[in-house]
Structure formats: structure tokens, C-alpha cells
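Each chain, written out:
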Amino acid sequence: MTKSKERKARPYINPYVGGVLLGLVLLAANFVSGRGLGASGAIKSTVVTAMNTVAPEASANSGFVKEFGEAHSGSPMKTWLVFEMLGVLVGGFLSGSLAGRLRFKVEHSPKITSRRRLIFALAGGVLFGFGSQLGRGCTSGSALSGMAVLSLGGFVTMMAIFGTAYALAYFFRKNWI
Amino acid sequence: MGPLSVNEIISENTNLFLAFIIGIGFGFVLEQSGFSSSRKLAGVFYGYDTVVLKVFFTAAITAMLGLLFFSLFGWIDLNLVYVNPTYLTSAILGGIIMGAGFIMGGYCPGTSFCGASIGKLDALVFIGGLFLGVFIFGLGYNLWEGTYMANFLGSPKVSESLGMSDGIFAFLLIIIALAMFWVAEWAEKKFPREEY
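Residues numbered from 1 in each chain as written. Chains lettered and ligands numbered in written order. Predicted model: local features only at pLDDT ≥ 70, side-chain atom pairs only at ≥ 80, totals over all residues.

Caption draft 1: The overall build of chain A, seen in detail. On a plain count of helices and strands, chain A comes out with nine helices and zero strands. For chain A, the sequential pattern of α-helices and β-strands runs α-α-α-α-α-α-α-α-α. The dimensions of chain A, computed from C-alpha atoms along their principal axes, are 55 × 35 × 35 Å. Relative to its full complement of 177 residues, chain A shows a buried share of 56%. Long-range contacts, defined as pairs at least 24 residues apart, comprise 58% of the intrachain contacts of chain A with a sequence gap of at least 6. (Helix = DSSP H or I, 4+ residues; strand = E, 2+ residues; numbered from the N terminus. Buried ≥ 20, exposed ≤ 12 C-beta atoms within 10 Å, placed from the backbone. Contact = placed C-beta atoms within 7 Å.)

Right, here's the structure in full:
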């Protein structure tokens, strides 16, 4: 329902150029840290920290927290992905300000209400969050970074994510087109 | 030489500082490519905007080739680079659940942070959902630990599994990507698209 407010946002860059640049960022991540990019790992760190803070006893017995502790020494917030995701917020904001795209907005198809969009965003987020833990990483950490190092699991997860989204696209078409 | 932190060429704190810098690059490129818009992201599933496919596969190929060349030049020891382990059951199931989340929510975790950084409220709500989903996984961990650990195959490379060299696989992947780009360009001409 946007009343086509005058927007002077700059156009997006060519997707193939964007892809090469993203690939170089991913290459840099591997060169520096020996691991690729990620996103859901930072959320896991935050959730583990919250569990440790709010319910330390229950948290100490949680298999989820233990499993995290085995893979990471030190504070769960002092991890590579937490710092990287803080950078993502800064980088996205910088790009958006340079391009004139900073605006509070609920983006949705004109056929649906903002309320419906937000309900689906929440439900989608819950599923994606859960799935990213089961799948040991999301589109960034498992699919994209996994593919770059030719991980079999990375390719399998990538195909499962995109295959499912294509298979279900018909049922959710009203939300988008 | 590389990876720098694994070879202890840089300190742990420098590594974290560089994580922040690399993150800025990550967020900047995602936003510049239009990944802060859920309708642009979802477009790939309806053919009206295939930016996701183009950026995603170009990036995967660029990084893959970069790593192969860096290894060839002796700039990086690929044995020290983390290869994601393969737990077949959870890789498929997790992917299916993420795919459902993608088409419903219109974002993935990385892009939702990018969207939120320029003021997309739907992205912010999606992030709230992410935290909830991760928390639910943590709460019921005992219930799905068996599934989570099932069918562990080690950390095989897809090239090994297919019985070919890394280089040949990379070459085939590039051919496949080029074919997909061709279909993507065709789809964008065929399906109407609006600005959002």
C-alpha cells in the first residue's frame, strides 16, 4: 500500500558484481580465520549467554549449552561470528545510508496487510532459527560457506533449503506476488 | 601463510577485529545487492527477481576458485580450512525447515540483520523469531539430539563423494551455474516485476 512516495534511492549494484564482491568477502574470511561467514552462530551465542545468565543451573545441564561449550572456549559472546554480525549491522546501515534507503517500513505485497506480513515473518524466523540449529548453520554458514569449501553437507543443505522453498512457493504466493 | 589466525600469524584479538571488518564488508555487499528487501529475496522463488540465485552462486564460485588458486600459489593451506561436517539426516531436515522458514519469512538470518539495519520492521520481527527458534531448539535439545547426530559422515568434500578432483568439480559447477544464470535471465523477462 505504498503511495509511491518519492524515493530517490540509488539502484542496486549488478548482481554478478555483487556476487563477486561477496565471494571475495567470503574468501577473506577463510584466509583470515580458516572458516567462512555465518549468521545463525551469533544468534546461538546470544541465546547461550541469555540461558547462562537467566537460568545458570538449568543451563549447565542443557545438552545444547554443553555442546556449544565443547566447540567454543571462553565467553560465548567473544566469538568470531558475533563480531562479524555486529559488522553486518554496520555495513548494511552504511550501504543503506549511502544509497538513501534508510526508512522504517514493513515490506509486503500490496495484496496483504502489514499485520499478516509480520505474523509470517515471525513464524518464518522461528522455523529458520530452529532449522539453522538442526542443520548446523544457515544459508551463510552452512550453504554458502560450505559450498565454497566443497563440503558435501553444505551442498545437501543448500539443495534442501532452496528445494523446499520452491516446493512451498505456490502456497505462499499471495504473500509475495 | 593462511589461514592467518590458525597459523597464529595474527593474535586472537586481531582475528576478532578483522571479523568485525569482514562483517562490515558482508553487510555492505548484501545491502548493495538488494538483500535487505524481502520481496526481492522471495522473487527467486517466483521468477520475478532472481538476484538471490545470481549473487549466491557467483559468490560461492568466486570463493571456491579463490581458495583453489590461493592453495595453488601456496598462500593458504586448505587442510587448515574448516570443512563443514556432514550429518546427513540433520543437513536435510534442517534444510527443509529452513526452506519453509525462508518462503514464509522472506529472509534468512544474515539478510534479516541486513534488512533490520536499514529499518525493515519485518526483518526485525523475523530476527525475534530466529532467537525464539534457536531457544526452542536449545530447550528441547534432548528430544532431537538423536536426529541431530544421526548419519555422521565425517567432513567429506562433494568432489570426493562424486569421485572427481576438486578442479573438475569446480569446472562442472561453473557450467551448471552459467546454465542457471541463463534460465534466471529468461525468467526475469517472462515474469512481471515491480519496484518495491
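Caption draft 2: Here's a closer look at the interface of chain A and chain B. Contacts between the two partners involve 107 residues from chain A, matched on the other side by 114 residues from chain B. Elements with a minimum of two residues in the side of chain A that touches chain B: α1 (15-33), α2 (40-54), α4 (63-71), α5 (80-99), α6 (114-134), α7 (139-148), α8 (152-169) and α9 (173-176) of chain A. The biggest single contributor to the side of chain A that touches chain B is α1(A), with 18 residues. In terms of residue class, the side of chain A that touches chain B is built from 62 nonpolar, 34 polar and 11 charged. (Nonpolar A, V, L, I, M, F, W, Y, C, P; charged D, E, K, R; others polar.)

Caption draft 3: Looking closely at the nonpolar core. Counting residues in hydrophobic clusters, the biggest one holds 109 residues, and the most contacted among them are L26(A), L144(A), A148(A), A60(B), L67(B) and I103(B). Here the element with the most residues in this core is helix α3 (residues 51-72) of chain B; it accounts for 13 residues. Once residues within four sequence positions are removed from consideration, I103(B) is found in contact with A165(A), L168(A), A169(A), F172(A), A42(B) and F45(B). (Core = buried A, V, L, I, M, F, W, Y, C linked by C-beta atoms within 7 Å.)

Caption draft 4: Spatial organisation of the confidence of the model for chain A. A residue-level look at chain A finds 96% of positions with pLDDT of 70 or above and a mean pLDDT of 93. Scored below 50 in pLDDT, residues 1-5 of chain A makes one contact in the model with residues more than four places away or belonging to other chains. (pLDDT = per-residue confidence, 0-100.)

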